[in-house]
Amino acid sequence: MYKVGITGGIGSGKTTVCKVFEVLGIPVFYADTVAKEIMVRDELLIEGIKTTFGKESYFEDGKLNNKHIASIVFNNEAELAKLNALVHPAVFRAFDLWEVQISAEVPYTLKEAALLFESESYKMVDTTILVTAPLQIKLDRVVARDGVSAEQVKARMDKQLSDEEKIKMANHFIVNDEEHSIIEQVLALHKVFLNTAINLKLPQ
Ligand SMILES: CC(C)(COP(=O)(O)OP(=O)(O)OC[C@H]1O[C@@H](n2cnc3c(N)ncnc32)[C@H](O)[C@@H]1O)[C@@H](O)C(=O)NCCC(=O)NCCS
Ligand SMILES: Nc1ncnc2c1ncn2[C@@H]1O[C@H](COP(=O)(O)OP(=O)(O)OP(=O)(O)O)[C@@H](O)[C@H]1O
């Protein structure tokens, strides 16, 4: 199966872009969402998180205390590295399991991951898309969506590769600002991926 990775900085709109691909029938693996699911389901991982970040990492009902963990890891590089080392291998395994159950009729799949390049999971896909947007638009979107401060959003941005660095690594680009239409850009890329996937299936 032809695999496309899609990433973008916080608030760039990668999830919004993925919803358009889903409308076209393309299955999307949302790494951030799966990470959250695994973090409340995988007993070994839960123990590891409690040992590393304290029992208060979970509420009594078993829900993840996102704010507690975020307050530790987004203020300390070493602590973030510990969280990533605990969570990312489990997400990679989940992606492999997800990919094998996709029907052979599907032309290609998408893997949406905030840290596609940082976590090196781009090595698990065939090509990549980077979604970009101007800094102020990204800040405004996340502040409005999550009710957090611009400083909190900036603290997360600082923990991700810059767009300049990601532009060097990505194969395809979607600009999600106020002037460009996401739908047109998605349709153009969809055509490219369909052609590539068809060519890969043809006898050589
Ligand atoms: C720290 C946690 C609990 C904070 O939860 P919260 O609900 O506030 O944020 P959420 O998960 O929705 O992430 C929102 C955005 O934050 C950024 N972000 C999340 N995790 C990370 C990370 N490890 N490094 C840098 N940025 C990150 C991304 O842009 C992401 O899209 C959560 O983000 C988490 O468990 N992160 C570790 C898992 C992970 O690395 N996920 C991202 C890729 S799989
Ligand atoms: N083109 C757009 N026009 C208006 N609002 C948008 C646009 N693109 C995204 N948004 C809004 O901006 C917010 C952030 O978008 P989205 O959640 O898709 O970003 P993301 O890159 O997945 O963010 P994160 O890294 O935090 O998961 C959402 O509330 C979304 O509805």
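Residues numbered from 1 in each chain as written. Chains lettered and ligands numbered in written order. Predicted model: local features only at pLDDT ≥ 70, side-chain atom pairs only at ≥ 80, totals over all residues. Heavy atoms only, no water.

Where an unreviewed UniProt entry is consulted, the protein chain appears under the name Dephospho-CoA kinase, with the organism given as Pedobacter fastidiosus. Taken verbatim from the UniProt record of the protein chain, the Subcellular location (unreviewed entry) comment is "Cytoplasm". In its Catalytic activity (unreviewed entry) section, UniProt records this for the protein chain: "3'-dephospho-CoA + ATP = ADP + CoA + H(+)". (UniProt positions renumbered as here; feature names shortened; annotations may be inferred.)

### Brief notes about the UniProt feature "binding site: ATP" (unreviewed entry) in the protein chain
In the numbering adopted here, UniProt assigns the feature "binding site: ATP" (unreviewed entry) to G11, S12, G13, K14, T15 and T16. By secondary structure assignment, the location of G11 is in the loop between β1 (2–8) and α1 (14–23). Looking at G11, the relative accessible area reads 12%, which means it is buried. Assignment of secondary structure puts K14 in helix α1. In this structure K14 touches I6, T7, G8, G9, E112, A113, A114 and V131, once residues within four positions along its chain are discounted. (Helix = DSSP H or I, 4+ residues; strand = E, 2+ residues; numbered from the N terminus. Buried < 20%, exposed > 50% of the residue type's maximum accessible area, 1.4 Å probe, protein only. Contact = heavy atoms within 4.5 Å.)

### Some thoughts on the nonpolar core
Residues F29 and M39 are the most contacted members of the largest nonpolar core, which totals 29 residues. Counting only elements with at least two residues in this core, the list comes to α2 (31–41), α3 (43–53), α4 (66–73) and α5 (77–100). Here this core takes eight residues from α5, the largest share from any one element. Other than its neighbours up to four places away in sequence, F29 contacts V34, V91, A94, F95, W98, L110, K111 and E112. Counting residues in hydrophobic clusters, the runner-up holds 20 residues, among them Y2, C18, F21 and I26. (Core = buried A, V, L, I, M, F, W, Y, C linked by side-chain atoms within 4.5 Å.)

### Some points on the packing of α4 against α5
How two helices pack is summed up by the angle between their axes together with the distance between the axes. Closest axis-to-axis distance for the α4/α5 pair is 7 Å, and the angle between their directions is 130 degrees. Taken as axis vectors, α4 and α5 run oblique relative to one another. Contacts between α4 and α5 involve I69, I72 and V73 from the former and E79, L80 and L83 from the latter. (Axes fitted to C-alpha atoms, helices over the stretch in contact; angles between N-to-C directions. Parallel < 35°, antiparallel > 145°, perpendicular 65-115°, else oblique.)

### Considering the pairing of strand β4 (residues 127–132)
With respect to burial, β4 is a largely interior element, six of its six residues being buried. Side-chain alternation along β4 places T127, I129 and V131 on one buried face and T128, L130 and T132 on a second face that is also buried. Pairing of β4 with strand β5 (residues 172–175) involves four bridges; the strand directions are parallel. Following the sheet pairing, T132 is matched in β5 by V175. (Pairing = 2+ DSSP bridges.)

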